[in-house]
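# Tertiary structure, described
As a plain string of letters, each chain reads:
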Amino acid sequence: MDEIFYSEEDLAKWRQAGKISAEALQYGLSLIKPGASVLEVCDAVDKKIFSLGARPSFPSQVSLNDVAAHFCPDAEDKLILSDQVVKLDVGASVDGFLGDTAATVDLSGRHEKLVAASKDALAAAVSVAKAGVRLNELGRVIEQKINSYGYRPIINLSGHGIGKFQVHTSPTVPNFDNRDEELLYDGQFIAIEPFATNGSGSIYESTTPTVFMQVAKKPVRSSDARQLLAEIQKYEGLPFARRWLEGNTFKVNFALRQLISAGCVQVFPPLVERNHGLVSQAEHTVLVRKDGCEVLTAV
Ligand code: MN
Ligand code: MN
């Protein structure tokens, strides 16, 4: 496992990114009310991140009910909040040092336990995370806590390592005991993100992605695709939303399809619970230390 040691200056940027992520999340949560537009919430949170001196690590995402993650509205989206189980997932980037944090609001008033299950599972995992602890131990603790509420963890969604300009990197931080005995190490940055559900405990990828990420720069034939490839350089390998792209929708979609089939762009479709169970999520970015972990996205 490659261990990267960051300078004090870089550490300060990680901490700043975490702090802004946490502030943006709290702000976003305050906007989650019946009658609010999903698009307006996402735009407002993205704007908040800029106003705090950072950039979004990825487009702010609001995923409802059986959608576990990766729902991001298009510009013409009309979705309105009413009585859903609402996940808000946000992150701030300070010069590529990233935060990633999420929480759930139950607007129905009937699923508080489901919200508590992922929140308490996160707290339990954070309380045991330190250098030398096995990854599957975090998974075991998460699974046990979620089971204690009578729910299931989503086993094909996981936390992850997080690196400079890399929202997702190794290792996989499991939400169940996956037998991975790899050890956490001092100085490691990871996102821990339990998902709890009253459904089957697994998700599938739905069909229409609205979040994308550049993964390569390869020659493409069409001038629209070349233009889009030039435009998305500014995201520096971080995910972006379709509604952030310039130009008419037809041209943008055409160019995106070209970049996807050329292997330049990866898609992140919404992730839906297989049995359409309700899903809650909680997430923090933490810095693993010898004697515990520093929660960078703590409120
Ligand atoms: Mn996240
Ligand atoms: Mn994450």
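Refer to the preceding data block for the structure.
This text gives an overview of the structure that appears in the document.

What counts and how
Residues numbered from 1 in each chain as written. Chains lettered and ligands numbered in written order. Predicted model: local features only at pLDDT ≥ 70, side-chain atom pairs only at ≥ 80, totals over all residues. Heavy atoms only, no water. Helix = DSSP H or I, 4+ residues; strand = E, 2+ residues; numbered from the N terminus. Rg over C-alpha atoms; globule rule 2.2 N^0.38 Å. Buried < 20%, exposed > 50% of the residue type's maximum accessible area, 1.4 Å probe, protein only. Areas by Shrake-Rupley, 256 points an atom, 1.4 Å probe, with all protein chains shown as cover. Pairing = 2+ DSSP bridges. Contact = heavy atoms within 4.5 Å. Axes fitted to C-alpha atoms, helices over the stretch in contact; angles between N-to-C directions. Donors = N, O, S within 2.8 Å, 3.2 Å for Na, K, Ca; no water. Core = buried A, V, L, I, M, F, W, Y, C linked by side-chain atoms within 4.5 Å. Expected span 1.5 Å × (residues − 1). 1 Å grid on protein atoms, 1.4 Å probe; cavity = no way out; pocket = protein on both sides within 12 Å on 5 of 7 lines; lining within 4 Å. Points joined across faces, edges and corners; volume = space filled by probe spheres on them. Nonpolar A, V, L, I, M, F, W, Y, C, P; charged D, E, K, R; others polar.

### A short note on the overall build of the protein
A tally of helices and strands in the protein yields 6 helices and 20 strands. In terms of overall dimensions, the protein is globule-like: its C-alpha atoms have a radius of gyration of 19 Å, near the 19 Å expected for 299 residues. For the protein, the spread of C-alpha atoms along the principal axes amounts to about 55 × 45 × 35 Å. Here the protein, with 299 residues, has 56% of them falling under the buried criterion. Surface summary for the protein: the accessible area is close to 13,100 Å², and the carbon and sulfur share equals 50%.

### Observations concerning the sheet that holds strand β8 (residues 152-153)
One open sheet holds the 3 strands; their spatial order is β8-β12-β18, and the pairing between them is antiparallel. A single partner strand is all that each edge strand has here, and the edge strands are β8 and β18 (279-281). As judged from the 3 bridges shared by strand β12 (residues 195-197) and β18, these two strands associate in the antiparallel manner. Bridge pairing in β18 links Ala196 to Ser280. With respect to the sheet, helix α3 (residues 112-128) is in contact with β12 and β18, its orientation differing from that of β18 by roughly 40°.

### A closer look at the coordination of the manganese ion (ligand 2)
Those protein atoms acting as donors to the manganese ion (ligand 2) are Asp100 (OD), His160 (NE2), Glu193 (OE) and Glu283 (OE), and they sit at 2.1 to 2.2 Å. The sequence motif formed by the donor residues of the manganese ion (ligand 2) is D-x59-H-x32-E-x89-E. Distance-wise, the manganese ion (ligand 1) is placed 3.2 Å from the manganese ion (ligand 2), both being coordinated by Asp100. Highlighted residues: Glu193 in the loop between β11 (189-192) and β12 and Glu283 in the loop between β18 and β19 (284-289), separated in sequence by 90 residues. A single burial state applies to Glu193 and to Glu283, both of which are buried.

### Remarks on the nonpolar core
With 27 residues, the main nonpolar core has Leu29, Ile32, Val38, Val62, Leu81, Val86 and Leu88 as its most contacted residues. Mapped by element, the contributors of at least two residues to this core are α1 (8-31), α2 (38-51), β2 (61-64), β4 (85-90), β5 (92-94) and β7 (101-106). Excluding anything up to four places from it in sequence, Leu81 contacts Ile32, Lys33, Pro34, Gly35, Ala36, Val38, Leu64, Val86 and Leu107. Val133, Ile142, Tyr151 and Ala196 belong to the second largest nonpolar core, which has 24 residues in total.

### Considering the coordination of the manganese ion (ligand 1)
At 2.1 to 2.4 Å from the manganese ion (ligand 1) lie its protein donor atoms, namely Asp89 (OD), Asp89 (OD), Asp100 (OD) and Glu283 (OE). Spacing between the donor residues of the manganese ion (ligand 1) along the chain follows D-x10-D-x182-E. Its relative accessible area of 10% is what places Asp89 among the buried residues.

### Let's talk about α1
Between the first and last C-alpha of α1 there are 35 Å, a value that for 24 residues agrees with the 34 Å anticipated at 1.5 Å per step. Listed in full, the buried residues belonging to α1 are Leu11, Trp14, Ala17, Gly18, Ile20, Ser21, Ala22, Ala24, Leu25, Gly28 and Leu29.

### Examining the layout of surface pockets
Over the atoms a probe the size of a water molecule is rolled, and this reveals where empty space is left. Counted as a void, the largest pocket has a volume near 470 Å³. Residue lining of the largest pocket: 28 residues in total, with His70, His160, His168, Glu193 and Phe268 positioned closest to the centre. Broken down by secondary-structure element, the contributors of at least two residues to the lining of the largest pocket are β9 (159-163), β10 (166-173), β14 (211-214) and β16 (265-268). Taken together, the residues that form the lining of the largest pocket break down as 12 nonpolar, 12 polar and 4 charged. What lines the second largest pocket is a set of 20 residues, among which Ala102, Ala103, Lys119, Ala282 and His284 lie closest to the centre. Within the residue set of the lining of the second largest pocket, elements represented by two or more residues are α1, β7 and α3.

### Thoughts on the pairing of β10
For β9 and β10, the ladder comprises 4 bridges, and the chain directions are antiparallel. Looking at the pairing, Gly163 lines up with Gln166 of β10. Where β9 folds back onto β10 in an antiparallel hairpin, the turn is made up of 2 residues, including Phe165, whose phi is positive at roughly 60°.

### Points about the environment of Phe165
Mapped onto the secondary structure, Phe165 falls in the loop between β9 and β10. Note on Phe165: relative accessible area 25%, which makes it partly exposed. Spatially, the C-alpha atoms of Phe165 and Asn253 are 25 Å apart, while their sequence positions differ by 88 residues. Sequence-distant contacts of Phe165, that is, excluding residues within four places in its chain, are made with Asp95, Gly96, Leu98, Glu236, Gly237 and Leu238.

### Observations regarding the sheet that holds β7
Taken in spatial order, the 3 strands line up as β2-β4-β7 in an open sheet, and their pairing is antiparallel. Each having just a single partner strand, β2 and β7 make up the two edges of the open sheet. Direction aside, the axes of adjacent strands within the sheet are offset by 20° on average. In this structure, β2 lies alongside β4, joined through 4 bridges in antiparallel fashion. For Val62, the partnering residue across the bridge sits in β4 and is Leu88. The strands that α1 touches are β4 and β7; relative to β7, the one it contacts most, it runs at about 15°. Packed onto the sheet, α2 meets β2 and β4 and runs at close to 150° relative to β2.

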